[in-house]
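# Observations on the three-dimensional arrangement
Listed here are the chains, written in short residue letters.
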Amino acid sequence: MATIRNLKIKTASCKRIVKELHSYEKEVEREAAKTADMKEKGADPYDLKQQENVLAESRMMIPDCRKRLESSLADLKGILAELEEAKQKEGPEVTEAESTVADLEKLFATSES
């Protein structure tokens, strides 16, 4: 049985994962710039290799975050559907959850195109 409490938890979870995803994307940009700078300056090969490993690890986290976000979004949609079936689809929590779902669907639509 879906409750408003579960809805709040899933909504917050989706928002947190979105922040995490944006953080990793910024980190990849930062690390890519740092790696390019090190290559230009002719840095020590060992240091360059380590920096490339850091960049690779950051890049690996983005698909993982997306997968967790898709799962969390599916859970949120499920809870919203359960609340609608139980005729409890009203209140600020539901509105916030619906806007979060809409925002995430826009995010996935822009990233796929």
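As shown above, the structure is provided for reference.
So, here is what we can say about the structure in this document. If you're wondering where the values come from, they're calculated on a predicted model, not measured in any experiment.

This part is about the overall build of the protein chain. The number of helices and strands found in the protein chain is 3 helices and 0 strands. The C-alpha atoms of the protein chain give 19 Å as radius of gyration, which overshoots the globular expectation for 113 residues (13 Å, by more than 25%). Across its three principal directions, the C-alpha atoms of the protein chain cover 65 × 25 × 20 Å. The buried share of the protein chain, taken over its 113 residues, is 30%. Taking the contacts inside the protein chain whose residues are at least 6 apart along the sequence as the reference set, 77% of them involve residues at least 24 apart. For the protein chain, the exposed area adds up to about 7,400 Å²; of that, 53% sits on carbon and sulfur atoms. For the protein chain, the separation between the mean place of its 20 positive charges and that of its 24 negative charges on side chains is 2 Å.

This part takes up the nonpolar core. By size, the foremost hydrophobic cluster in this structure holds 22 residues, and its most contacted members are L7, L21, L69, L76, L80 and L104. Broken down by secondary-structure element, the contributors of at least two residues to this core are α1 (4-40), α2 (45-85) and α3 (92-112). Counting residues per element, this core draws most heavily on α2, which supplies 9 residues. In this structure, L104 is in contact with C14, V18, L69 and L73, ignoring residues within four places of it in sequence.

About the thresholds
- Residues numbered from 1 in each chain as written.
- Predicted model: local features only at pLDDT ≥ 70, side-chain atom pairs only at ≥ 80, totals over all residues.
- Heavy atoms only, no water.
- Helix = DSSP H or I, 4+ residues; strand = E, 2+ residues; numbered from the N terminus.
- Rg over C-alpha atoms; globule rule 2.2 N^0.38 Å.
- Buried < 20%, exposed > 50% of the residue type's maximum accessible area, 1.4 Å probe, protein only.
- Contact = heavy atoms within 4.5 Å.
- Areas by Shrake-Rupley, 256 points an atom, 1.4 Å probe, with all protein chains shown as cover.
- Lys, Arg positive; Asp, Glu negative; His and termini not counted.
- Charge placed at Lys NZ, Arg CZ, Asp CG, Glu CD.
- Core = buried A, V, L, I, M, F, W, Y, C linked by side-chain atoms within 4.5 Å.

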